Amino acid sequence: MKSILIGLVILQCTISIYAAHSQSFLYYAEQVVEEEEPFVTAFAEDDAAADHNSDLFYYYVEQWPGSYCDTKKGCCYPSTGKPATNFSIHGLWPTWLNGSWPENCNPNSLYDESKISYLIERMQSEWPTLSCPSNNGSKFWKHEWEKHGTCSIFDQCAYFESTLNIKDRVNFLQALENAGIKPDGNFYEVEAIKEAIKAGVGVTPLIECNSDASKVSQLYQIYICVDLNGKDIIECPTTVQRNCNTTVEFPPF
Ligand SMILES: *[C@@H]1O[C@H](CO)[C@@H](O)[C@H](O)[C@H]1NC(C)=O
Ligand SMILES: *[C@@H]1O[C@H](CO)[C@@H](O)[C@H](O)[C@H]1NC(C)=O
Ligand SMILES: *[C@@H]1O[C@H](CO)[C@@H](O)[C@H](O)[C@H]1NC(C)=O
Ligand SMILES: *[C@@H]1O[C@H](CO)[C@@H](O)[C@H](O)[C@H]1NC(C)=O
């Protein structure tokens, strides 16, 4: 527990996290009161809960907006305007080694935008929503926090900041372009896409595909794995088949 806390020191929000939680950790250690903080609750159940955290890692997932929008269902640009022609964040998803995942781990920890106001500009740019009707992204971020974030080791501030920091370190579009794979509507081998990401980012990704309006298989999401501390990019401990044809379209956006 303590080493995980120390691991958060790089985050801007650490000071407040530490201040908010150190007291709760004391309470936890002494079992004086019931925990209210989400961060603590994730650990606070009992030894079995600690064991189950040792089975956790994260999928860090980015989506290609062209493939989101290209579907039968379509997309809506957020109220802040058309997102960049780039992969954008879908989420950071706690996952167990056996491939299944926890979700909605703390119904008491509702999304609170006031805790992350200093991150909103980055989120609008790197984590834009494409859902309809057009909206400002809060619904998407709320969903990601409440479903996935509450099962991480982080509080809200650290969850969103850690995820944004991963995006700063991996440039999937550049890695693909370095291998001649571009969002030009052409078809590419999924194996070549994986190799390009491996060459650019250092680990083999999982590739998820979806279908465009005429049922053509296309590159939709790229997953890489991240250690529970949210910092170390690792080879994925588990792989799941993600609906791809052997060759897939990389549509423009
Ligand atoms: C996967 O592992 C977790 C944690 O060890 C456990 O709680 C869960 O029941 C397991 N799920 C399956 C489907 O085996
Ligand atoms: C988004 O809109 C909701 C109301 O629908 C509002 O409560 C929230 O503050 C807005 N957030 C941002 C980042 O604009
Ligand atoms: C795409 O996002 C990466 C970060 O993941 C960033 O480094 C790069 O500059 C962005 N590229 C474009 C064309 O916006
Ligand atoms: C799957 O790929 C083959 C060529 O490799 C192509 O002929 C076929 O149309 C593709 N199917 C879909 C659903 O994209």
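For the structure itself, look to the data block above.
Residues numbered from 1 in each chain as written. Chains lettered and ligands numbered in written order. Predicted model: local features only at pLDDT ≥ 70, side-chain atom pairs only at ≥ 80, totals over all residues. Heavy atoms only, no water.

Peer 1: Could you give an account of the side chain of glutamine 221, with specific residues and numbers?
Peer 2: Relative to the elements of secondary structure, glutamine 221 occurs in strand 5 (residues 217–226). Since its relative accessible area comes to 2%, glutamine 221 is described here as buried. Polar contacts involving the side chain of glutamine 221 include one to the side chain of histidine 90, which spans 2.6 Å. Not counting residues up to four positions away in its chain, the partners in contact with glutamine 221 are Val61, Glu62, Gln63, His90, Trp93, Leu206, Ile207 and Glu208. (Helix = DSSP H or I, 4+ residues; strand = E, 2+ residues; numbered from the N terminus. Buried < 20%, exposed > 50% of the residue type's maximum accessible area, 1.4 Å probe, protein only. Polar contact = N/O pair within 3.5 Å; in protein donor to acceptor, adjacent residues only side chain to side chain. Contact = heavy atoms within 4.5 Å.)

Peer 1: Please provide a residue-by-residue account of the state of the cysteines, values included.
Peer 2: Taken as a whole and assessed by the stated rule, the structure comprises five disulfides. In this model, cysteine 76 is linked to cysteine 132 through a disulfide, with the two sulfur atoms separated by 2.1 Å. Of note, the bridge from cysteine 76 to cysteine 132 carries an S-S torsion of about 105° and is right-handed in sense. Taken together, the residues cysteine 76 in the loop between helix 5 (65–69) and strand 2 (88–96) and cysteine 132 in the loop between helix 6 (120–126) and helix 7 (138–148) connect sequence positions 56 residues apart. Between the sulfur atoms of cysteine 209 and its disulfide partner cysteine 244 the distance amounts to 2.0 Å. Across the S-S bond linking cysteine 209 and cysteine 244, the dihedral sits near 90°, which makes this disulfide right-handed. Of this pair, cysteine 209 sits in strand 4 (residues 206–211) while cysteine 244 sits in the loop between strand 6 (233–234) and strand 7 (247–249), placing them 35 residues apart in sequence. Here the cysteine-cysteine linkages of the chain are recorded as 1-2, 3-5, 4-6, 7-10, 8-9, numbering only bonded cysteines and doing so in sequence order. (Disulfide = S-S within 2.5 Å.)

Peer 1: Hey, could you go over the site of ligand 3 for me, with residue numbers and the actual values?
Peer 2: The immediate surroundings of ligand 3 are formed by Asn86, Lys167, Val170 and Asn171. In this structure, an oxygen atom belonging to ligand 3 sits 2.4 Å away from a side-chain N or O atom of asparagine 86. Here an oxygen atom of ligand 3 sits 2.7 Å away from a polar atom, N or O, in the main chain of valine 170. When isolated, ligand 3 has an accessible area of 360 Å², and the protein chains bury 55% of it. Residues that form the shell around ligand 3 fall into these classes: one nonpolar, two polar and one charged. (Near = heavy atom within 4 Å. Areas by Shrake-Rupley, 256 points an atom, 1.4 Å probe, with all protein chains shown as cover. Nonpolar A, V, L, I, M, F, W, Y, C, P; charged D, E, K, R; others polar.)

Peer 1: Got a sec to walk through the site of ligand 1? Specific residues and values, please.
Peer 2: Ligand 1 sits among Asp55, Trp96, Asn98 and Ser100. In the model, an oxygen atom of ligand 1 is placed 2.8 Å from a nitrogen or oxygen of the aspartate 55 side chain. Between serine 100 and ligand 1, the recorded distance is 3.3 Å, taken from a side-chain N or O atom to a nitrogen atom. Taking 360 Å² as the accessible area of ligand 1 by itself, protein coverage stands at 45%. Looking at the shell around ligand 1 residue by residue, the class counts come to one nonpolar, two polar and one charged.

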